[in-house]
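Chain and residue survey
Letter by letter, the chains look like this.
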Amino acid sequence: MSTDPFPTDRPAVVTCGLPYANGDLHIGHLRGYIGADTFNRALGTLGQQSAYVCGSDMHGTPVAVNAEKEGIDPEEFALRWHEQYKETFPQFGIDFDNYGHTHDRTNTELTREIVTSLEKNGHIYEKTIQVAYDPDADQYLPDRYVEGICPYCGEHARGDECDEGCQRHLEPGEIKEPVSSITGNGATYCEREHKFFRVSEFADYLTDFLDGLEGTSNARNQPRQWIEDGLQDWCITRDMEWGIDYPSETDGEDQLVLYVWVDAPIEYIASTKQYSERVGTDTYNWETVWKNDGDIVHIIGRDIIQHHAIFWPAMLEGTGYNAPRAIAATGFITIDGKGLSTSRNRAIWANEYLEEGFHPDLLRYYLTTTGGLQQDVDFTWTAFQEKINGELVGTVGNFWYRSLLFAYRNYEGTPDADVSEEVRERIEDAIAAFREAVNEYDIRAVGLTATRLAQFGNEYIQRNEPWKLTDEKPAAAAQVIRDCVQIAKAVGVLLEPVAPGKAQLLWEQLGEDGDITETQLEAALAAPPESFAEPGELFEKLEDDRVNALEAKLEAKIEAATESSDGSEKSDESEDTTNTDTHLEPLLEERISFDEFQALDIRVGEITAAEGIDGADDLVRLEVDIGFETRQVVAGIKQLHDLERLPGTKCILLVNMEPAALFGVESNGMILAAGEEADLLTTHGEAGVGTKIR
Ligand SMILES: [Zn+2]
């Protein structure tokens, strides 16, 4: 793995987490694919050879369960979604060099080859385990066929992941109180032989791997913790029919298929191979990338970090493939500050956005420049409008149009002059910022580089007032406009990764030939064509009444979904990038430093007494033992807790809160609680009274 900055002289591949072929695409999916597409385009702008590959994830229990519901074959079901995705992605400018699927021949063969090789290298063993079984349906219950309680955090969980709690991957047999999702009956456990991948023996390798890994910090930090906690071997087979058969088993009756998370990431390689075979290995060689010396960049949702930063690199290492150079994990999307929920229709669907007639670049710009890759992004139509009107219409579009129109009317194109030193330097700065942003996997900064340059352009034209110069100082006027046309061209080059469609339009208006996608950074400083036609406006203002109508529409559809779902929650939650809770407050954008956090003295305490305060409906006087002393604290939890049961409970107390008096009672600390119901925070281990939270 290399740490030379991009562009390198090696081929790169950029991948994005595979969509489950299981339901309509929405803004939560698009965010990842657009982010990865922007990154890949930006690499191209730097001059890096790169392929952007992906494919549909056809296997796994979500697909099997939903196909069964519709009474059709899982392959037919998954292929239908696959075809839809293939059509949808290009409509958002998401330009995959290859888009395959995990059930195709390339991936099936490669998966069997890799598993066979893992087995040969001694990384796989057989073990008898307990698997959930539904006696009524006479069926084993892998993964999402079973639900129950997470053994780590106690939250309700799916058979293969703690989706509502600690986000851990769950192994077969781990889930407590298993319930069959086929019949709703309690499941039993029975013994079965399964194949295990010895992930535990890769702990040292993975520690080193993570130390050198680029991308977002969450993709390194969480896995480090998991390694520290001790890696479990990984069950890689399932008792079901839909999937890729385990290579060395031939017995029809007891045939095991590979767990979906074995063949899913292998599609990254398979898809690269298909691309390579199509363009020819002289142009792009998949084996160079995956086996010799290439730069592999994975962009994923943050709920699948474990699969990509632990299992996947261990599989690659165990079979002699290259390790990824970077893993960038995206945050969640919220809608109006609340968790995106497909069952409640609190979502912006891909086709819905397109049907509104909006240009894909507007959404691309919004998603990339609002939160980058790692941050959560909140979508509201109002914020969308502010972004579009403020930055794309007001800054970028305004600068483009006024510069080119002025140039066209006075010079019928680019005035004859050299670019001034000031403007050349400003463009060079923008190029440097762009290069740095790509190397930091900061697509937000990538997108904003162009906007900031356009902002400078507006200031430049305002400051120099060329319209006052044309008569008396024609050379000075020509100089200013020459500079502005150059800035406009540079803005186009730098905006292309985020807004390729609009950048291409600008390119054509400037009289440039060819595809702006093929241009590289040098083009930002190359001379524009001498003549061009009258320009048109590139962006359109989004009016208030349109936004009001969109908001009303969103509200109405959420309401309709809530009514029709009849209170039954989460029944069809199937998305891997969504956050299903409603009523969540938006995340704060502003970050605090570690020092600021350290300034909060938060301790484990134990409530020793609790009594209501006379005359106050909600308030309780608590005595909390914090080891050194006992604090008196007033808390607004009277209606929400049974006071008699509080003494003896461990709690978490902010002890250096300024004292305050409430109803004449001094409160000397603040007890921490979650949400409207004042769910009191506590510890789950042995942390003693007085222990500092850090
Ligand atoms: Zn959990």
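As the structure is a prediction and not an experimental result, all values here were calculated from the model. (Residues numbered from 1 in each chain as written. Predicted model: local features only at pLDDT ≥ 70, side-chain atom pairs only at ≥ 80, totals over all residues. Heavy atoms only, no water.)

1. Some details on the overall build of the protein chain
- Across its full length, the protein chain carries 19 helices and 27 strands.
- Relative to the globule expectation of 26 Å for 694 residues, the C-alpha radius of gyration of the protein chain, 29 Å, shows essentially globular dimensions.
- Dimensions of the protein chain along its principal axes, counting C-alpha atoms only, are 90 × 80 × 50 Å.
- For the protein chain, with 694 residues in total, the buried portion stands at 55%.
- Taking the average place of the 57 positive charges on the side chains of the protein chain and the average place of its 130 negative ones, the gap between the two points comes to 3 Å. (Helix = DSSP H or I, 4+ residues; strand = E, 2+ residues; numbered from the N terminus. Rg over C-alpha atoms; globule rule 2.2 N^0.38 Å. Buried < 20%, exposed > 50% of the residue type's maximum accessible area, 1.4 Å probe, protein only. Lys, Arg positive; Asp, Glu negative; His and termini not counted. Charge placed at Lys NZ, Arg CZ, Asp CG, Glu CD.)

2. Describing the environment of Ser-531
- Mapping Ser-531 onto the fold places it in the loop between helix H17 (500–509) and helix H18 (544–565).
- For the pair Ser-531 and Ser-403, spaced 128 residues apart in the sequence, the C-alpha separation amounts to 14 Å.

3. Re the coordination of the zinc ion
- The protein atoms that coordinate the zinc ion are Cys-150 (SG), Cys-153 (SG), Cys-162 (SG) and Cys-166 (SG), at distances of 2.3 Å.
- Considering all four donor atoms around the zinc ion, the spread of angles at the metal, 98 to 117°, places the coordination shape in the tetrahedral class.
- Within one chain, the residues serving as donors to the zinc ion are arranged as C-x2-C-x8-C-x3-C.
- Given the relative accessible area of 32%, Cys-153 is considered partly exposed. (Donors = N, O, S within 2.8 Å, 3.2 Å for Na, K, Ca; no water. Tetrahedral: all angles 85-135°; square planar, octahedral: opposite > 155°, others 65-115°.)

4. Some points on the nonpolar core
- Formed by 180 residues in total, the largest nonpolar core has its most connected members in Phe-39, Trp-234, Trp-290, Trp-381, Phe-384 and Trp-400.
- Element by element, the count of residues in this core is highest for helix H16 (residues 474–495), at twelve residues.
- In this structure, Leu-643, Leu-646, Ile-671 and Leu-680 belong to the second largest nonpolar core, which totals 17 residues. (Core = buried A, V, L, I, M, F, W, Y, C linked by side-chain atoms within 4.5 Å.)

5. Some details on the sheet that holds strand E21 (residues 630–635)
- Reading across from one edge, E21-E20-E19-E22-E25 is the order of the five strands in this open sheet, with antiparallel pairing throughout. Only two strands of the sheet have a single neighbouring strand rather than two, namely E21 and strand E25 (670–671).
- With six bridges connecting them, strand E20 (residues 620–625) and E21 associate as antiparallel partners. Looking at E21, one finds that Asp-625 is bridged to Thr-630. (Pairing = 2+ DSSP bridges.)

6. Some points on the state of the cysteines
- Considering all chains together, one arrives at zero disulfides under this definition.
- Free cysteine: Cys-16, not disulfide-bonded; nearest cysteine sulfur from Cys-54 at 5.6 Å.
- By relative accessible area, Cys-16 is classed as buried at 3%. (Disulfide = S-S within 2.5 Å.)

7. With respect to the confidence of the model for the protein chain
- For the protein chain, the mean per-residue pLDDT works out to 91, and 96% of the residues sit at or above 70.
- Confidence drops under a pLDDT of 50 for residues 567–583, and excluding neighbours within four residues, the segment shows 43 contacts in the predicted structure. (pLDDT = per-residue confidence, 0-100. Contact = heavy atoms within 4.5 Å.)

8. Here's the deal with the environment of Arg-435
- Looking at the secondary structure, you find Arg-435 in helix H13 (residues 421–439).
- Between the C-alpha atoms of Arg-435 and Pro-529, which are 94 residues apart in sequence, the distance is 26 Å.
- Not counting chain neighbours up to four residues away, the residues in contact with Arg-435 comprise Phe-6, Leu-46 and Leu-521.

9. Quick notes on a negative patch on the surface
- Together, Asp-95, Glu-508, Asp-515 and Glu-518 make up a negatively charged patch on the protein surface.
- Looking at the secondary structure, you find Asp-515 in the loop between H17 and H18.
- A relative accessible area of 36% means that Asp-515 is categorised as partly exposed. (Patch = residues over 30% accessible without salt bridge, like charges linked within 9 Å, V, L, I, M, F, W, Y side chains within 5 Å. Areas by Shrake-Rupley, 256 points an atom, 1.4 Å probe, with all protein chains shown as cover. Salt bridge = Lys/Arg side-chain N within 4 Å of Asp/Glu carboxyl O.)

10. What to know about the pattern of salt bridges
- Going through the model one piece at a time under the given rule, you end up with 32 salt bridges.
- For Arg-144, the salt bridge identified is with Glu-161, shortest N-O distance 3.3 Å. A residue pair is termed long-range when its members are at least 10 positions apart, and Arg-144 in the loop between strand E5 (139–140) and strand E6 (146–149) and Glu-161 in the loop between strand E7 (156–158) and strand E8 (176–180) qualify at 17 residues.
- Take Glu-161: its relative accessible area is 14%, and that puts it in the buried class.
- The partner of Lys-387 in a salt bridge is Glu-391, with the nearest N and O atoms 3.1 Å apart. Placement of both Lys-387 and Glu-391 in helix H12 (residues 381–411) is noted, with a separation of four residues, approximately one turn of the helix.
- The class of Lys-387 is buried, set by a relative accessible area of 11%.
- What makes Glu-391 partly exposed here is its relative accessible area of 23%.

11. A word on the environment of Gly-514
- Here Gly-514 lies in the loop between H17 and H18.
- In this structure the C-alpha to C-alpha distance between Gly-514 and Gln-504, which are ten residues apart in sequence, comes to 8.9 Å.
- Not counting residues up to four positions away in its chain, the partners in contact with Gly-514 are Gln-504 and Trp-507.

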